[in-house]
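Chain residues, written in single-letter form:
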Amino acid sequence: CKTSERKSRSGKAEARSRGAAKEKTLECGQIVWGLAFSAWPAAEAGETEPACAVGLPCLILATGLNDGQIKVWEVQTGHLLFSLLGHQDVVRDLSFAPNGSLILVSASRDKTLRIWDLSRDGRSARGGRQVQVLSGHVQWVYCCSISPDCSMLCSAAGEKSALLWSMRSYTLIRRLEGHQSSVVSCDFSPDSALLVTASYDACVIMWDPYTGEQLRTLRHVPLHSVVDYSSEVHTSSLRSVCFSPEGLYLATVADDRLLRIWALELRSPVAFAPMTNGLCCMYFPHGGFIATGTRDGHVQFWTAPRVLSSLKHLCRKALRTFLTTYQVLALPIPRKLKEFLTYRTF
């Protein structure tokens, strides 16, 4: 793999004034199916991997490739840090643990998930950076999502159930069964108290990941009264679902050429946007914008509702960040307050 760089056409003086801004292309040599960013901890004197400035963290990018490899790059220099070998087919999705531990989860068409510890020495005799192989799916694994508190991992593999794993023991916690068709996308709320799954059955199911209980189902009803149901593919088959950064909204992309935004406490969308060939969606980390990816090679950006969280929601979010559902239910507080804290009332 090689890195190609092109300086700004305006000349070296302008490049210097902008901090030598360059376009950079990482030549992976394969189709890139999955991407994930993480920060590499600040280097100490004498360290060379990655080659970032001493005392400053640097950004790394993991790329999941068509041949089953995962290549990890230093973003600033375009330097290839290492290749992770193990998957036997396309690496479809990647997810870094949000706590900065350099734990990476990969999902592949070889029907497995693999756990990697990038802080490990890859030259060790005990298998290098690979920590665990998670087996349990019988179809290609499309999606993997780590909870913000880094305790759980959800995976979707084109089956009617999603799998929930422990990130502490790397064992299966439970199967989430409720969809009528393939589950293709999943995401945790920012406080880890909720999990949403999207399926080809045109439904999003909201779960309590601690108990496995279904809390709510959001059904994608066509906007137009006349729908051709003779088609083999349902016009509202879902492709992607994601939470907003404050945890009060959801965004979904479906085959009916609509991007929908849902408020957590409502059962119908609060906003629509027309889009074609949508495959995935992601909120900007600070809110206000949604990025969508399409089959025809475009990324589109959309303005999203900005919301000032209520004090009640902020308190709930703060508490649920470190309390499980079972711990909340054990608190000596009124029942209605427990229902609010566990999202049984919206």
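Residues numbered from 1 in each chain as written. Predicted model: local features only at pLDDT ≥ 70, side-chain atom pairs only at ≥ 80, totals over all residues. Heavy atoms only, no water.

Next up on the list: the UniProt feature "repeat: WD" (unreviewed entry) in the protein chain. UniProt marks residues 61-83, 84-126, 134-175, 176-217 and 231-265 with the feature "repeat: WD" (unreviewed entry), using the numbering shown here. Secondary structure content for residues 61-83 is 0% helix and 65% strand, while the C-alpha to C-alpha distance between its ends is 12 Å. (UniProt positions renumbered as here; feature names shortened; annotations may be inferred. Helix = DSSP H or I, 4+ residues; strand = E, 2+ residues; numbered from the N terminus.)

One open sheet accounts for 4 strands, arranged β3-β4-β5-β6; its pairing is antiparallel. Each end of this open sheet is capped by a strand with a single partner; those strands are β3 (32-40) and β6 (79-84). Recorded for the sheet is a direction-independent mean angle of 20° between the axes of neighbouring strands. Bridging between strand β5 (residues 70-74) and β6 involves 5 bridges; their strand directions are antiparallel. Following the sheet pairing, E74 is matched in β6 by H79. (Pairing = 2+ DSSP bridges. Axes fitted to C-alpha atoms, helices over the stretch in contact; angles between N-to-C directions.)

Backbone phi values are negative for most residues with the exception of glycine, while trans is the configuration of most peptide bonds. For K111, which is not glycine, the phi torsion reads 75° and is therefore positive. Note on placement: K111 falls in the loop between β8 (103-108) and β9 (112-117). For R257, which is not glycine, the phi torsion reads 70° and is therefore positive. On the basis of relative accessibility, which here comes to 57%, the residue R257 falls in the exposed class. (Buried < 20%, exposed > 50% of the residue type's maximum accessible area, 1.4 Å probe, protein only.)

Glancing now at the environment of V32. Note on placement: V32 falls in strand β3. Taking the relative accessible area as the measure of exposure, V32 reaches 37% and is therefore partly exposed. Not counting the four nearest positions on each side in its chain, V32 is found in contact with T63, G64 and L65. (Contact = heavy atoms within 4.5 Å.)

Attention now moves to the sheet that holds β8. Taken in spatial order, the 4 strands of this open sheet run β7-β8-β9-β10, and their pairing is antiparallel. Each edge of the sheet is formed by a strand with only one pairing partner; in this case those strands are β7 (91-96) and β10 (130-135). Across the sheet, the axes of successive neighbouring strands diverge by a mean angle of 20°, strand direction being ignored. Across 5 bridges, β7 lies against β8 in antiparallel orientation. Across the sheet, residue V91 finds its bridge partner in β8, namely S108.

Mapping T325 onto the fold places it in helix α3 (residues 325-329). For T325, a relative accessible area of 0% corresponds to the buried category. Not counting the four nearest positions on each side in its chain, T325 is found in contact with D208, Y210, T211, R320, T342 and R344.

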